[in-house]
Structures are given as C-alpha cells and as structure tokens.
Amino acid sequence: SQQGEEDPQALSIQEGENATMNCSYKTSINNLQWYRQNSGRGLVHLILIRSNEREKHSGRLRVTLDTSKKSSSLLITASRAADTASYFCATDHANFGNEKLTFGTGTRLTIIP
Amino acid sequence: DAGVTQSPTHLIKTRGQQVTLRCSPKSGHDTVSWYQQALGQGPQFIFQYYEEEERQRGNFPDRFSGHQFPNYSSELNVNALLLGDSALYLCASSLLRGSSQFFGPGTRLTVL
C-alpha cells in the first residue's frame, strides 16, 4: 500500500514559473526523500530531509517538512522544460540502517515551453 | 563509476512462466532493494538484501524470491507469472548505514 499521497496528481505550468507539489504521509518517519522519474524510467534522487529538519535547499529545489502535519512540499523555482517528469516522495522509518522506502502516488509535472 | 545497472531492459513472458531479473549495485554499496511499479503508481517495496540474506520483505507472495551474491549483485525471481505481475521492476542500492537509495533504470516486464 502507498504511505502517502502527492498533491496535485498533475500540474502544468509555463516555463520559468515555480512549481510546488505536496506530499502527505500517514505514520511517523525518520527521513523523507523526493525522487524524479522521467517517462517510466529509473528514479533519480533529488533531496533527503530528516525528521528533525524543517527546510532544505539544493540548487533550484526547496523542500519543507512539517512533521506535526505529516506533510512535505517540494518547490522547483524557475522551471525548465527538462523538469517535465513525475515526482515522488518516499518515507522511511530507518533506525538501524537503510530500510524500505514507502512511496506516494506521484505528481506528474509538465512544463510548457 | 557506474551507477546501478539492471538487465534486461525489457522482457515479455506468458502467464505461468518464470522470470529472473538482475541488478548490479553502485560501486561500494552493500545493500540491494527491489521495487515493483505498476503503471501510474508509485513503486512498492518487494524486499531488501544485505550480506546475502533477505533483510526485509514487503507484502508480496512467495512467488517472488531473490538472491544476493558475494559481489553484492542481486537477482529477483518471479514464478508462476500472472498478468498482474506486468510492471516496471526497479532495483536500488545503498549502504546499510547510509541514507539514500540509488535506483537503476528498471526492467519492464510484460506478461501476456
């Protein structure tokens, strides 16, 4: 079963605009990660945020985590056509080592040139 | 440094057959996890291998089995294939004491 859900399911924006997608999850977590997937191919790791962190940046990406609301958001600034992809959040409960990731249902992002 | 590699890229089988998928982890990684991704869904965890032992298992039947070799590479075997087994199968490698999992390009399995 899926741990959480991404919102919206699909998003279309003009190139250059910012894209925000949200992820909600059900149980307490240790880490939350965001992945990108192009056209049903492999997943590319974007960013990891730990449960004791509230915000993290990586290039044009900004991730926030609110453990009280069991939610996270991914902001992509100044979007590019190459950002067109599906984006998934994944959570884990790892205490003693790398454990299984539980994925959400994904947001399909389309950047219109 | 090669990332995670998987073979084959695509595979077509018929119901009742058996299939073996292969994965080579990223150099230096000791843990391999397998995921199944149905069309339009997020990946679902099948199992994880470390030191040639199954360390964790998701909610998949015994038809799904695996193996990890001394060089850390791994195989996923599925017996008695069903139409519902059609999916993208993803392998991810990591360090057991690390935090991020790195995914391969996947194997697209079609069961007819």
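Remember, predicted model here, so these are calculated numbers, not experimental data. (Residues numbered from 1 in each chain as written. Chains lettered and ligands numbered in written order. Predicted model: local features only at pLDDT ≥ 70, side-chain atom pairs only at ≥ 80, totals over all residues. Heavy atoms only, no water.)

1. Remarks on the nonpolar core
In terms of nonpolar packing, the biggest core is built from 22 residues, with Leu32(A), Trp34(A), Leu74(A), Ile76(A), Tyr87(A) and Leu109(A) touching the most fellow members. Only β2 (10-14), β3 (19-25), β4 (31-37), β5 (43-50), β7 (61-66), β8 (71-76), β9 (85-92) and β11 (107-112) of chain A provide two or more residues apiece to this core. With four residues, β3(A) is the largest single contributor of residues to this core. In this structure, Ile76(A) is in contact with Glu17(A), Asn18(A), Ala19(A), Met21(A), Arg60(A), Leu61(A), Asp83(A), Tyr87(A) and Leu109(A), ignoring residues within four places of it in sequence. Counting residues in hydrophobic clusters, the runner-up holds 19 residues, among them Cys23(B), Val32(B), Trp34(B) and Tyr89(B). (Core = buried A, V, L, I, M, F, W, Y, C linked by side-chain atoms within 4.5 Å. Buried < 20%, exposed > 50% of the residue type's maximum accessible area, 1.4 Å probe, protein only. Helix = DSSP H or I, 4+ residues; strand = E, 2+ residues; numbered from the N terminus. Contact = heavy atoms within 4.5 Å.)

2. Re the sheet that holds strand β1 (residues 5-7) of chain B
All names here are of chain B. Taken in spatial order, the four strands line up as β1-β3-β8-β7 in an open sheet, and their pairing is antiparallel. The two strands at the open ends of the sheet, each matched to only one other strand, are β1 and β7 (64-68). With direction set aside, neighbouring strand axes in the sheet form an average angle of 20 degrees. (Pairing = 2+ DSSP bridges. Axes fitted to C-alpha atoms, helices over the stretch in contact; angles between N-to-C directions.)

3. Observations concerning the side chain of Gln37(B)
Position of Gln37(B) relative to the elements: it lies in strand β4 (residues 31-37). Owing to a relative accessible area of 6%, Gln37(B) belongs among the buried residues under this scheme. Here the side chain of Gln37(B) touches Gln41(B) through a polar contact of 2.9 Å, landing on its backbone oxygen. Once residues lying within four places of it in the same chain are set aside, the contact partners of Gln37(B) are Gln37(A), Phe88(A), Gly42(B), Pro43(B), Ala87(B), Leu88(B) and Leu90(B). (Polar contact = N/O pair within 3.5 Å; in protein donor to acceptor, adjacent residues only side chain to side chain.)

4. Quick notes on the environment of Cys23(B)
Residue and element names in this part refer to chain B. As for its placement among the helices and strands, cysteine 23 is situated in strand β3 (residues 19-24). Separated by ten residues in sequence, cysteine 23 and serine 33 place their C-alpha atoms 9.6 Å apart. Dropping the residues within four chain positions of it, cysteine 23 is found in contact with Val4, Thr5, Gln6, Val32, Trp34, Ser73, Ser74 and Cys91.

5. Comments concerning the interface of chain A and chain B
Listed per partner, the contact involves 22 residues of chain A and 25 residues of chain B. Interface area, chain A with chain B, both sides summed: about 1800 Å², of which 44% is carbon and sulfur. Inspection of the region where chain A meets chain B yields zero salt bridges. Applying the counting criterion to the chain A and chain B interface returns six residue pairs in polar contact (both at pLDDT 80 or more). Put simply, the parts of the chain that give the side of chain A that touches chain B at least two residues each are β4 and β5 of chain A. Counting residues per element, the side of chain A that touches chain B draws most heavily on β5(A), at four residues. Counted by class, the side of chain A that touches chain B contains seven nonpolar, eleven polar and four charged residues. (Buried area = accessible area lost by both parts, 1.4 Å probe. Salt bridge = Lys/Arg side-chain N within 4 Å of Asp/Glu carboxyl O. Nonpolar A, V, L, I, M, F, W, Y, C, P; charged D, E, K, R; others polar.)

6. Here we look at the pattern of salt bridges
As enumerated under the stated definition, the model contains six salt bridges over all chains in all. The residue Asp83(A) makes a salt bridge to Arg60(A) at a minimum N-O spacing of 2.9 Å. Remark: Arg60(A) occurs in the loop between β6 (55-58) and β7 and Asp83(A) occurs in the loop between β8 and β9; sequence separation between them is 23 residues. Its relative accessible area of 7% is what places Asp83(A) among the buried residues. Given the relative accessible area of 23%, Arg60(A) is considered partly exposed. Note that Asp85(B) and Arg63(B) form a salt bridge whose closest N and O atoms lie 2.9 Å from each other. One end of the pair, Asp85(B), is in the loop between β8 (74-78) and β9 (87-94); the other, Arg63(B), is in the loop between β6 (53-57) and β7, with 22 residues separating them in the sequence.

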